[in-house]
Amino acid sequence: MRIIVCIKQVPDTTEVRIDPRTGTLIRTGVPSIINPEDRHALEAALTIKDQCGAEVIALSMGPPQAEDALLEALAMGVDRAILLTDRAFAGADTAATSYTLAQAIKQLGPYDLVLTGRQAIDGDTAQVGPQLAELLDIPQVTYVQKIELLSDGTCRLQRALERGYEIVETRLPALFTVIKELNTPRYPSIRGIMRALRQGVTVWTANDVPVDPNLIGLKGSPTQVQRTFVPEHKRNCVMLKGSLDEVTTALVEELKERRLLKALAT
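Calculation rules
The residue numbers shown here count from 1 along each chain, following its written sequence. Where totals are concerned, whole chains, interfaces and linings use all residues; where local detail is concerned, this predicted model gives features only for residues with pLDDT of at least 70, and gives and counts side-chain atom pairs only at 80 or more. With hydrogens and water stripped out, all remaining heavy atoms of the structure feed into the side-chain values. Each helix corresponds to a stretch of at least 4 residues labelled H or I by DSSP, and each strand to a stretch of at least 2 residues labelled E; elements are numbered beginning at the N terminus. Think of a polar contact as two N or O atoms within 3.5 Å of one another; within protein, one of them needs to be a possible hydrogen donor and the other a possible acceptor, and neighboring residues in sequence only count if both atoms come from side chains. When checking whether two residues touch, look at their non-hydrogen atoms; a contact exists if any pair is within 4.5 Å. The split into domains, and so the bounds of each, comes from an automatic or database assignment of domains. One bridge is not enough; two strands pair if DSSP finds at least two bridges between them. Of the two site types, the cavity is a set of points on a 1 Å grid over the protein atoms alone where a 1.4 Å probe fits but cannot get out, and the pocket is an open set with protein on both sides within 12 Å along at least five of seven lines, each lined by residues with an atom within 4 Å of a point. Grid points are joined across faces, edges and corners, and a volume is the space filled by probe spheres set on the points. In this classification, the charged set is Asp, Glu, Lys and Arg, the nonpolar set is Ala, Val, Leu, Ile, Met, Phe, Trp, Tyr, Cys and Pro, and all remaining amino acids, among them Gly, are polar.

*Asks:* Explain the side chain of Q103 here, please?
*Replies:* Among the structural elements, Q103 can be located in helix 3 (residues 94-108). Separated by 2.7 Å, the side chain of Q103 and the backbone oxygen of P210 make a polar contact. Contacts of Q103, omitting those with residues within four sequence positions, involve V209, P210 and V211.

As structure tokens, this is what we get:
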């Protein structure tokens, strides 16, 4: 069995700040991590590998520093790690990203399963997984919280819904996007870390993948981010003083002036 896990390196969003002058993210001094839900995808692949044997390949597209995320994936136990990095890939939206990843997966040859996290914490679009499945022309199941491999080469899955879950069966190859309820990701071992450093990450540029230059990076992105900014939070506090009756009367008059009293009553 061959499993490909698509992961993304993201800023630790608890520490992200935005430059008020330029509207861009301040990345200096901000640590980068594996997207949390992608860690659950990695763990799912490694669990299958432990149970019935599988080759697990971690794939990521990003700047050269994304190699750190792939080294961590190797240390967790994946067999091979590939980084797609090239200036030609820069500025890609979800469509261009999905296209590039799909072309790389096709380059890798036959596979049985593609796993991704539900969404990345920096964009929260949840689009790359489904778009990738469409480009690969394989079945997809999203919001997966349980995976069961069946003897006939199919999978039985629990897919989370707002008020419960549904049972889905699908043939392989297929793509699943997973959620945190699926498992608890393992930590890299010392032996795994040493193996990762010895093995290293394979780097592919735009010349190594059969991509159409018009469909990658900023040029191939039908959507673009025009501006990033922090919303302004304005708070006006009115202090009411006096006795209970005086404060109550003043509050009612204030609500009437703002035309809120009728809205609250209805």
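*Asks:* Help me understand the domain arrangement of the chain in this model?
*Replies:* Accessible area lost upon the coming together of the parts serves often as the stated size of an interface. In terms of domains, the chain is made up of domain 1 (2-215) and domain 2 (236-266). The centre of domain 1, based on its C-alpha atoms, is set 53 Å off from the matching centre of domain 2.

*Asks:* Even after reading the chapter, I still don't get the pairing of strand 11 (residues 164-171), so can you show me in this structure?
*Replies:* The side chains of a regular strand alternate between both faces of the sheet. Two strands pair when backbone bridges link them, and strand 10 (residues 154-161) and strand 11 are joined in this way by 8 bridges, in the antiparallel orientation. Bridging from a neighbouring strand, R156 pairs with E169 of strand 11. Linkage of strand 10 to strand 11, two consecutive antiparallel strands, is achieved through a turn of 2 residues.

*Asks:* Where do I start with the layout of surface pockets in this structure?
*Replies:* Sizing a probe to match a water molecule and rolling it over the atoms shows the empty space that remains. Here the second largest pocket defines a volume of roughly 180 Å³. Residue lining of the second largest pocket: E43, A44, T47, I48, Q51, C52, K146, I147, L149, L182 and N183, and that is the complete set. Of all the secondary-structure elements, those providing two or more residues to the lining of the second largest pocket are helix 1 (36-52) and strand 9 (140-149). With 6 residues, helix 1 is the single largest residue contributor to the lining of the second largest pocket. Of the residues assigned to the lining of the second largest pocket, the class counts are 6 nonpolar, 3 polar and 2 charged.

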